[in-house]
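What follows is each chain in one-letter form.
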Amino acid sequence: MKMDLNAIIEKMETGDQDAALTALQTYNKEKSQCFSFTSGEEEDREDGDMIERLGELVLSFLERDLQPSCQLACLETIRILSRDKKSLSPFATRHAMQILIRHAGLGQGEGVTPEIPDLEVIVEALKCLCNIVFNSEAAQEAAADLQLMVGLAERLKQCREPQWNHDVRFFDLRLTFLITALRVDVRAQLAHELRGVSLLSEALDATFGLCWPDMYEVARAGFDGCSELPPLGRQETERVMEILKILFNVTFDSNRRHVDEEEAATYRHLGAILRHCIMSSAEGEERTEEMHSHTVNLLGNLPLPCLDVLLMPKVQQGSIEYMGVNMDAVKVLVEFMEKRLDRGNKLKETLLPSLNLLTESARIHRETRKFLRNKVLPPLRDVKNRPEVGNALRNKLVRLMTHIDTDVKHCAAEFLFVLCKESVSRFIKYTGYGNAAGLLAARGLMRGGRDPGHYSEDEDSDTEEYREAKPHINPVTGRVEEEQPNPMEGMTDEQKEYEAMKLVNMFDKLSREQVIQPMKIGADGKMTSMEPHELHHLASQQFGESNNSDSDSDTN
């Protein structure tokens, strides 16, 4: 490697374009699949010095007026070297970033930009910038100082201009995603100063080729009124997913803050496009699911009142109608959620975004909640099996309520609780008290009741099967169970009290040894610790009351 690098450096140092071009093309071809440029520990320093020298020479060449082929070779070399974090030092400086930004056509009035840009050179420079920004904090800072985001935004505005090919558009978007993911200040700059949501919504619109039959209703141009749209092309899908990822970066706090009327209109406009995303497919099931995943993540960032655009399109032939509302998008979201649930992989990352989105949609939109309740919690007929047993969507979600991951457990319980209009009795009816206890304890609802919420008064009509079985349902397990013999039958009061105190002493011992912590329900409905003397008092009080009631009945 040392001989190769020495020979290349010597040719570069002559300053001759043709010699440099031949040397770099050979080097680039040889190292095209290489991702590390240092070998053994003893050679690291010497190799690093030579790579740094090569990087400096390549950058100095790029400051000259070169033929496009030589520019391209220099940029390819930088792209290859910038894969290795140890080789970044020549490229992470402000001056080097300035050179690369200019070659990418993103400079802000510094240097000369050709009237007819060479697209290959622009794409190669963008690839270099992606590698360097991803791998170097110094480069990220330089990019922010040089207003790289302003240059990118200017070109994003040209999303309908035919002069830019797919590669330029894609790597513009990839670079935008990286810099907004890695720099909070750049993210804020794009979101506010550069009106990023509107800018990127327009880019989504152009990529899909949309038309607008109504204010918040979109269709694919040329396919208005078609029940089935053709799959989105591979290149368009790639760009759509990059735009969705950038939008996720710049809207991550939108659902947690108040938005004014203008912002709400902007988010509703975006929401209408996202509805089209969720209703569209890509080439292949895997690609479609990936696009839908990014869409769901972004929908979760939208201010909650703006999610009404999911229900706005008119009901058409073939649409899912419920209460006079088009539920096509909600149906797709439920199917997407169930598919992720069935897969069972990394549920926190894959399932929770869609489950949270459905929960919040149901909480704020009555029609959505009723539609989801009809799908997930239909009138109860099976009372012989535990709520967590079975393959219905309710059974799968109830199983999650005892999941090892606290976030997954809480999210599944919250979804079902909202579908029950946050009614404790209804929640227990569908899940069993044992499964429901975690959420009820967290909410201070162990004594029953209902959380305050804005829910309509609709009926919870019981099936004939449920009404007949209701007196025999064990509320803890949520199913009908055979009556068990009373273990205290035939005991005298003294024997019962002896057994009770024996049990209290066992609890007391386990508590003192910190094996368990006895709990009680406080006045606020939440669980609090129980002291040993309270256990003894509770047991003696129970038997005192029992004896008093017996003596009263004897007197009468």
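Structure shown above.
Residue numbers restart at each chain and count upward from 1, following the sequence in its written direction. Selection of residues for local features in this predicted model requires a pLDDT of at least 70, selection of side-chain atom pairs for listing and counting requires 80 or more, and totals for whole chains, interfaces and linings are taken over all residues. Water and hydrogen atoms play no part in the side-chain values, which are based on all heavy atoms of the structure.

A. Inspection of unusual backbone geometry at higher detail. Even without a glycine there, the phi angle at methionine 323 is positive, about 55°. Under the DSSP-based scheme used, a helix requires at least four consecutive residues in state H or I and a strand at least two consecutive residues in state E, with every element numbered from the N terminus. Take methionine 323: it is sitting in the loop between strand E3 (321-322) and strand E4 (325-326). Within the chain, glutamate 422 stands out as a residue other than glycine whose phi angle is a positive 60°. As for its position among the elements, glutamate 422 is in the loop between helix H20 (406-419) and helix H21 (424-431).

B. Here's a closer look at the pattern of salt bridges. By definition, a salt bridge exists where a carboxyl oxygen of Asp or Glu is found within 4 Å of a side-chain nitrogen of Lys or Arg. Throughout the structure, instances matching the rule amount to 33 salt bridges. Here aspartate 342 and lysine 396 are joined by a salt bridge, their closest N and O atoms 2.9 Å apart. You can see aspartate 342 sitting in helix H15 (residues 328-343) and its partner lysine 396 sitting in helix H19 (residues 393-400), a full 54 residues away along the chain. Given a relative accessible area of 12%, lysine 396 falls into the buried group. Residues joined by salt bridges that share partners form a network here, namely Glu360, Arg363, Glu414, Glu422 and Arg443. Buried means the residue's accessible area, taken with a 1.4 Å probe over protein chains only, is under 20% of the maximum for its type, while exposed means over 50%, and partly exposed covers the values in between.

C. The arrangement of the packing of aromatic side chains in detail. Any two of the Phe, Tyr and Trp rings considered here, Trp counted by its six-membered ring, make a pair once their centres fall within 6.5 Å; the pair's planes then place it as stacked at under 30 degrees, edge-to-face at over 60, or tilted in between. By the definition in use, this model includes three aromatic pairs. Ring geometry for phenylalanine 170 versus phenylalanine 171: centroids 5.1 Å apart, planes at 85°, classification edge-to-face. One exposure class covers both phenylalanine 170 and phenylalanine 171, and it is buried. Put simply, a charge is over a ring when the Lys NZ or the Arg CZ is close to the ring centre, within 6 Å, and near the line of the ring normal, within 35 degrees. When the ring centre of phenylalanine 61 is taken as origin, the NZ or CZ atom of arginine 64, which lies over that ring, is 4.5 Å away.

D. Region of the structure containing the packing of helix H11 (residues 196-208) against helix H12 (residues 234-250). To get an axis, a line is fitted to the C-alpha atoms, and for a helix only the part in contact is used. The angle between two axes follows their N-to-C directions and goes from 0 to 180 degrees. For the pair H11 and H12, interaxial distance at closest approach is 10 Å and the crossing angle is 165°. For the element pair H11 / H12, the angle class is roughly antiparallel. With respect to the hand of their crossing, H11 and H12 are arranged in left-handed fashion. Contacts from Gly196, Val197, Leu200, Ala203, Leu204, Thr207 and Phe208 in H11 reach Glu236, Arg239, Val240, Ile243, Leu244, Ile246 and Leu247 in H12. Tallied by class, the residues present in the contact of H11 with H12 amount to 10 nonpolar, two polar and two charged. Note on terminology: angles under 35 degrees are roughly parallel, angles over 145 are roughly antiparallel, angles of 65 to 115 are roughly perpendicular, and the others are oblique. Two helices that cross are described as forming a left-handed crossing if the nearer one is turned anticlockwise from the farther one by less than a right angle, and a right-handed crossing if clockwise. Only heavy atoms enter the contact rule, under which two residues are in contact if any of them lie within 4.5 Å. Under this grouping Gly is polar, as are all residues other than the nonpolar Ala, Val, Leu, Ile, Met, Phe, Trp, Tyr, Cys and Pro and the charged Asp, Glu, Lys and Arg.

E. Molecular detail of a nonpolar patch on the surface. Nonpolar side chains collect at one region of the surface, where Leu503, Met506 and Phe507 lie side by side and expose about 280 Å² of accessible area between them. Tracing the backbone shows phenylalanine 507 in helix H24 (residues 493-512). The class for phenylalanine 507 is partly exposed, based on a relative accessible area of 35%. Like charges within 9 Å and nonpolar side chains (Val, Leu, Ile, Met, Phe, Trp, Tyr) within 5 Å are joined into patches, using only residues over 30% in relative accessible area that form no salt bridge. We get accessible surface area from the Shrake-Rupley algorithm with a probe of 1.4 Å; when it comes to residues, only the shown protein chains can shield them.

F. Region of interest: the nonpolar core. Leu54, Leu204, Phe415 and Phe427 are the most contacted members of the largest nonpolar core, which totals 152 residues. Top element by residues in this core is helix H6 (residues 119-135). It accounts for 10 residues. Of the domains in this structure, domain 1 (195-360) and domain 2 (377-448 + 462-481 + 493-521) are the two that each give at least three residues to this core. Residue contacts for leucine 204: discarding those within four places in its chain leaves Val240, Ile243, Leu244, Leu247, Leu270, Ile273 and Leu274. The criterion is simple. A nonpolar core is a set of buried Ala, Val, Leu, Ile, Met, Phe, Trp, Tyr and Cys residues joined through side-chain atoms within 4.5 Å. Segmentation into domains, and thus their bounds, comes from an automatic or database assignment.

G. Spatial organisation of empty space enclosed by the protein. For cavity detection a 1 Å grid was placed over the protein atoms alone, and a set of points counts as a cavity when a 1.4 Å probe fits there but cannot get out; an open set counts as a pocket when protein lies on both sides within 12 Å along at least five of seven lines, with lining residues being those that have an atom within 4 Å of a point. Grid points are joined across faces, edges and corners, and a volume is the space filled by probe spheres set on the points. Applying the stated rule across the entire model yields two cavities of 30 Å³ or more. The space that makes up the largest cavity amounts to roughly 50 Å³. Taken together, the elements giving at least two residues each to the lining of the largest cavity come down to H15 and helix H17 (352-364). Counted as a void, the second largest cavity has a volume near 30 Å³. If you go around the second largest cavity, the residues you meet are Leu380, Asp382, Val383, Asn385, Pro387, Arg394, Lys429, Tyr430 and Gly478.

H. Expanded view of the environment of leucine 229. With respect to the helices, strands and loops of the structure, leucine 229 is situated in the loop between strand E2 (217-220) and H12. Here leucine 229 falls in the partly exposed class, since its relative accessible area comes to 25%.

I. A look at the side chain of glutamate 217. Residue placement: glutamate 217 occurs in strand E2. Residues in contact with glutamate 217, not counting those within four places in the same chain, are Cys211, Trp212, Pro313, Lys314 and Gln316.

J. Local environment of helix H7 (residues 137-145). Listed as buried for H7 are Ala139, Gln140, Ala142, Ala143 and Ala144. Looking at the buried side of H7, the elements it contacts are helix H5 (94-103), H6, helix H8 (148-156), helix H9 (166-182) and helix H10 (184-193). In the analysis that follows, any N or O atom pair within 3.5 Å is treated as a polar contact, provided that within protein one partner can donate a hydrogen and the other can accept it, and provided that, for residues neighboring in sequence, both atoms belong to side chains. If you check the start of H7, you find a side-chain oxygen 3.3 Å away from the backbone N of alanine 138, and it comes from serine 136. Count one or two residues on from H7 and you reach glutamine 147, which has phi positive near 60°.

K. Main features of the pairing of strand E1 (residues 210-214). At least two bridges found by DSSP between two strands is the condition for calling them paired. Here three bridges tie E1 to E2, and the two strands are oriented antiparallel to one another. Each bridged residue has a counterpart across the sheet, and for cysteine 211 the counterpart in E2 is alanine 219. Linking two consecutive strands that pair antiparallel, namely E1 and E2, is a turn of two residues.

L. Representation of H5 within the structure. Within the span of H5, buried status applies to Ala96, Met97, Ile99, Leu100, Ile101 and His103. In the segment just after H5, glycine 105 is the residue with positive phi, at about 75°.

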